[in-house]
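# Coordinate analysis (summary)
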Amino acid sequence: MEKLIITAAVSGSSPTKEQNPNVPYTPEEIADQALGAWRAGAAIAHIHVRDPQTGAADSNVELFAEVVEHIRADSDLIINLTTSGLNLTGSDAGDRRLDPISLKPDICSLDVGSVNFGRRVFVNPLDWVERGAREMKEAGVKPELEVFDIGHIRQANQLIADGLVASPPWMQLCLGIQWGIEATIESLVEMRRRLPDEAIWSVLATGAQQLPITTHALLMGGHVRVGFEDNIYLERGKKADSNAQFVERTVNLSRNLLREVATCAEARMMLGLRAVKTVTNDQ
Ligand code: MG
């Protein structure tokens, strides 16, 4: 089986220090958590930025730039910046969501399809999605096609068929978000069945489903995402000390199941990303 690519989604836009004091807010804290996850074996860090004082979701490109600079200075981590911009409102929100592309990260997330998101609506109109895919392609940034439900896979497949996404497509199957597809094995199997053959796919699941669903994905040949964005508990009643703890557990699981874990350099090859000077994480 192909080596396992582990993504650490280190901050997200929702978890707070009140819920778990180890959730990072400042660019330094976010970069430190990403580097900790890298040392534990993560190949990709998925980054949201937060208001350094309040922890509120933020989309300031300067904050993203600080995180990127810190991570690049010390590692060869694959950097994946969000374009979800859930905090943004107003007529220029669509433009501002795409600002992180200008920093030329390796990957930017691209949310395909709209969905009720808790009590909000996560709006991703087709025009915006196509524009995002085009801008990423022009900038040499790989999109991570995030899908929250079955219909979103149809739209992602159309983007790929339209030539808007460079090969191989990298897809993140997001299970358990309210009110996208539920986090069950049946959902996972059905989503997997609908992916294009050439897709390289990763799975995330929220809360208590993070561990069982990502473990199933691991056994099915998929890649996995763990971290505070999706789950702040290591086990029932026990909050995680860091993103690295989740990554460490995933590395151990994978090795015990005789699946090797990809280094950053290996993951770059698999995803068709540009090579950078390899920096050892002592794994
Ligand atoms: Mg995200």
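Here, every reference points to the structure presented above.
A brief look at the structure comes next. All of these numbers come straight from a predicted model, not from anything done at the bench. (Residues numbered from 1 in each chain as written. Predicted model: local features only at pLDDT ≥ 70, side-chain atom pairs only at ≥ 80, totals over all residues. Heavy atoms only, no water.)

Between side chains of opposite charge, a pair can form when the charged atoms approach closely. In this structure the tally under the stated criterion is 14 salt bridges. The salt bridge involving arginine 97 is made with aspartate 111; its shortest N-O contact spans 3.9 Å. Placement of the pair is arginine 97 in helix H3 (residues 93-97) and aspartate 111 in strand E6 (residues 107-111), with a sequence separation of 14 residues. Accessibility expressed as a relative area gives 8% for arginine 97, which makes it buried. A residue is classified by how much of its surface remains accessible, and aspartate 111, at 0% relative accessible area, is buried. Between arginine 225 and glutamate 229 there is a salt bridge whose closest N-O contact spans 3.2 Å. For glutamate 229, a relative accessible area of 22% corresponds to the partly exposed category. One connected set of salt bridges, linked through shared partners, spans Glu146, Arg225, Glu229 and Asp230. (Salt bridge = Lys/Arg side-chain N within 4 Å of Asp/Glu carboxyl O. Helix = DSSP H or I, 4+ residues; strand = E, 2+ residues; numbered from the N terminus. Buried < 20%, exposed > 50% of the residue type's maximum accessible area, 1.4 Å probe, protein only.)

What follows is about the sheet that holds strand E1 (residues 6-9). Strand order in the closed barrel made by the eight strands is E1-E2-E5-E6-E9-E10-E11-E12, with parallel pairing throughout. Going across the sheet, the axis of each strand differs from the next one's by a mean of 25°, ignoring polarity. Bridge analysis of strand E2 (residues 44-47) against strand E5 (residues 78-81) gives four bridges, and the strand direction is parallel. Paired with isoleucine 44 across the two strands is isoleucine 78, which belongs to E5. Contacting strand E9 (142-147), strand E10 (170-175) and strand E11 (200-205), helix H6 (residues 185-193) runs over the sheet at an angle of about 155° to E10. Where helix H9 (residues 264-271) meets the sheet, its contacts fall on E2, E5, E6, E9, E10, E11 and strand E12 (223-226), and the angle it forms with E5 comes to roughly 60°. (Pairing = 2+ DSSP bridges. Axes fitted to C-alpha atoms, helices over the stretch in contact; angles between N-to-C directions. Contact = heavy atoms within 4.5 Å.)

With that settled, the discussion passes to the nonpolar core. Judged by nonpolar contacts, the single largest core of 84 residues is most densely connected at Ile5, Ile6, Ile47, Leu145, Leu173, Leu175 and Val247. When residues in this core are grouped by element, the largest group, seven residues, is from helix H1 (residues 27-40). Discounting residues that sit within four places of it in the chain, leucine 175 has contacts with Ile181, Glu182, Ala183, Thr184, Ser187, Leu188, Met191, Val203, Leu204, Ala205, Thr206 and Ile213. In this structure, Val115, Phe117, Phe148 and Cys174 belong to the second largest nonpolar core, which totals eight residues. (Core = buried A, V, L, I, M, F, W, Y, C linked by side-chain atoms within 4.5 Å.)

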